[in-house]
Amino acid sequence: MNPKPVTEQVKISYQPVLLSWECWTPNVFAGSVIKPVAHVINDDEDFKDLKNAELNYELRDKANSVVFSSNLKLADVPYYGISSKELEIKIPDNVSTGNYELRGQIVSGGKVVSKNFYKIFIANKIYTQSAPRSKAPLVVYDIAGGTKKSLTGLNIAYKEIGALNRIPSESVLVIGENSADKNLADNAAQVKKFIASGGRVLALRQDSIHLANLNALLSNPLGNNNVDIDDPQYPVVTKSPRTGYYVNPERPDHPVFSGIHRENFRIWSDYTGWNPKSQGLPKIQPVSDGFTFENSEDVGSTAILANYSSGLRGVALAEQFSGKGSILISGFDIASRTNIDPVAARFLLNLLNYTASPVGHEQYPIITSPIVWGEYETEKGVVTDIYSGFLVNSTPRLPENFTKGIVVMKEGYQLAGGARSGFNTRPGIQYVANGRRPFGPFVQSFGGQPTVIDKKSTEGIGKFWCRIPEGQDMASSLVWNPGTEPLTIKIKINDLPEVSRTINPGEKISVDSPVDSGNVNMTYTGDRRLVILETAFRKKI
């Protein structure tokens, strides 16, 4: 059994002589130049100065092959002192696309006294050239100008448009970043008519001022909280921030994510040339203008494709449908970095191609295999956390020598021995995702703690929307009552009569519910202690 990753990181971070990499460009093109800073911190256990030291550094690919290497003599670093050196590394032109490591080690007196690494994603020209490109004509409404510059840099042909009352019927309309102005709002009726008749629109990020104008086009208005995730204020604001890292592709198989992995949405490359002497912070958040729903019920008529923040409340990418067309709304900070960040470039190409495509614009994900609740890959993006009302149920895995058992609280939490605290001091007791519980409606309080809105009610609600293959007319739900008294689950699908079953303590039963449509709106209502383990759709036998 290997140590946990945090243990390995502690081993690196607490080296008496520490080599620490500073680099704000984690995604780069082959052939580009990166300028990482090597910081040397001398906290030698023998209180010695670091003298006659050398830094050896290299770039290695996934096969551990060296694609670049160099070294330099370091200035002497007094005990408890710090020395920093900016390096310049030219990425070779002919490297393959993939994950690389910048590795460094400090050698003094013939001995390695410190080593560290930094992960970099490098993409060659094929990475962006292979992105599908639609032949549909693009018309761009870009008052700010940044989007046009980005499209030109990517060799995307487009025609600039100023009169929104005459949008060519066969074209795709792109609303540039921060370009949803009063003129757009004044011509909302014409744009909405364009969408309803089958038109496709891509709306790139809009700040809180411009989002108000974009809302004139939307059937489900959006809000933009003026909260920065990097604001040092404490206690932290409970609202979802407009900026975000570690973005979650809610439907990872969706065409907009083609060629892009989940880890590529964690941090993007800074495009400001930031250094510690600069004002503010580096622009490394993939999302700069995420949004939320003004009415949480609107989640049922919106395809949420990417989200972020605590409880996944912040929406980074969503599609709204009207008539025969749709509008794809992005909160990603893309245009300013497509010339330096291959992930941002590929993502913009994907957005354009998907928007222009006549197929694939589905409001709900299709479910073709059983949903094992709590296992993300089987849920296919049908659950959007706080908006759905579902809460992941965690069950403690008890070691054989633990005799206190599991206590189920009135809110449904399953706790080892009933203790609400101390779990972090008992690493032998692991909590695992084990189903979901109907818990909503709820909000998140300080620290991300789910808080029930109606504290007097013991019943919670969890709901989701999906598509199912033609011919399937039955839903089977495996429901578990881990409590100490009989509990009742109620299941409603679309406008069909509700199905109700009472489950005895400790029992797991399968509940069948008829389905009358290929589009399914499924709602579970019951005591918050009840756990939905599986949901599967099939043909009635």
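Quick note: structure is the one above.
The following refers to the structure shown. All of these numbers come straight from a predicted model, not from anything done at the bench.

The next point concerns the overall build of the protein. Helix and strand content of the protein: eight helices and 34 strands. Over its C-alpha atoms the protein spans a radius of gyration of 27 Å, differing by no more than 12% from the 24 Å that the globule rule assigns to 541 residues. Each of the three principal axes of the protein carries a C-alpha extent, and together these read 80 × 75 × 45 Å. Here the protein, with 541 residues, has 50% of them falling under the buried criterion. Put simply, 69% of the contacts in the protein that link residues at least 6 apart link residues at least 24 apart. Total accessible area computed for the protein in this model is approximately 26,300 Å², and 51% of it derives from carbon and sulfur atoms.

Attention now moves to helix 3 (residues 146–153). Those residues of helix 3 lying buried are Thr147, Lys148, Ser150 and Leu151. Angular distribution of buried residues about the axis of helix 3 spans 160°; they occupy a single face of the element. Of the exposed residues in helix 3, the ones pointing more than 90 degrees away from its buried face are Lys149 and Gly153. Those residues of helix 3 hidden inside the fold are in contact with strand 11 (138–141), strand 12 (159–160), strand 13 (172–175) and helix 7 (342–356).

The subject of this paragraph is the sheet that holds strand 33 (residues 519–527). Spatially, 28-33-30-31 is the arrangement adopted by the four strands of the open sheet, whose pairing is antiparallel. In this open sheet, the two strands that pair with only one neighbour each are strand 28 (459–467) and strand 31 (499–503). Ignoring which end each strand starts from, the neighbouring axes of this sheet average 15° apart.

On the surface, Val6, Val10 and Tyr14 cluster together into a nonpolar patch covering about 350 Å² of accessible area. Exposure remark for Tyr14: the relative accessible area of 67% places this residue in the exposed category.

This part is about the packing of aromatic side chains. Remark: the centre distance and the inter-plane angle together describe each pair of aromatic rings, the angle taken between the planes. Throughout the structure, instances matching the rule amount to 19 aromatic pairs. Look at Tyr413 and Phe439: their rings are 6.1 Å apart centre to centre, the planes differ by 50°, and that puts the pair in the tilted class. In this pair, Tyr413 sits in the loop between strand 23 (406–408) and strand 24 (414–416) while Phe439 sits in the loop between strand 25 (430–438) and strand 26 (442–444), placing the two residues 26 residues apart along the sequence. Exposure class is identical for Tyr413 and Phe439. Each is buried. Members of the aromatic cluster, each reached through a chain of ring pairs, are Phe257, Phe265, Trp268, Phe332 and Phe347. Note that Arg528 overlies the ring of Phe439, its terminal NZ or CZ placed 5.5 Å from the centroid.

Before going further, it helps to spend a moment on helix 5 (residues 188–196). All buried positions along helix 5 are accounted for by Ala188, Val191, Phe194 and Ile195. Buried residues of helix 5, viewed axially, fall in a sector of 120°; they line one side. Across helix 5 from its buried face, at more than 90 degrees, point the exposed residues Ala189 and Lys193. Buried positions along helix 5 lie against strand 13, helix 4 (182–186), strand 14 (200–203), strand 19 (314–322) and strand 20 (325–330).

A word on the side chain of Arg346. You can see Arg346 is positioned in helix 7. Buried Arg346, no salt bridge; nearest opposite-charge side chain is Asp341, N-O distance 11 Å. There is a polar contact of 2.8 Å between the side chain of Arg346 and the backbone oxygen of Tyr127. With residues near it in sequence (within four places) discarded, Arg346 still touches Tyr127, Thr128, Ser130, Ala131, Pro132, Ser258, Gly259 and Ile260.

What follows covers the environment of Ala536. Tracing the backbone through its elements, the reader meets Ala536 in strand 34 (residues 531–538). Along the backbone, Ala536 and Ser32 are 504 residues apart, and their C-alpha atoms lie at a distance of 49 Å. Those residues in contact with Ala536 that lie beyond four places of it in its chain are Pro370, Met474, Ala475 and Ser476.

Reading the values: rules and limits
Residues numbered from 1 in each chain as written. Predicted model: local features only at pLDDT ≥ 70, side-chain atom pairs only at ≥ 80, totals over all residues. Heavy atoms only, no water. Helix = DSSP H or I, 4+ residues; strand = E, 2+ residues; numbered from the N terminus. Rg over C-alpha atoms; globule rule 2.2 N^0.38 Å. Buried < 20%, exposed > 50% of the residue type's maximum accessible area, 1.4 Å probe, protein only. Contact = heavy atoms within 4.5 Å. Areas by Shrake-Rupley, 256 points an atom, 1.4 Å probe, with all protein chains shown as cover. Arc of directions from axis to C-beta. Pairing = 2+ DSSP bridges. Axes fitted to C-alpha atoms, helices over the stretch in contact; angles between N-to-C directions. Patch = residues over 30% accessible without salt bridge, like charges linked within 9 Å, V, L, I, M, F, W, Y side chains within 5 Å. Salt bridge = Lys/Arg side-chain N within 4 Å of Asp/Glu carboxyl O. Phe/Tyr/Trp six-rings, centres within 6.5 Å; stacked < 30°, edge-to-face > 60°. Lys NZ or Arg CZ within 6 Å of the ring centre and 35° of its normal. Lys, Arg positive; Asp, Glu negative; His and termini not counted. Polar contact = N/O pair within 3.5 Å; in protein donor to acceptor, adjacent residues only side chain to side chain.

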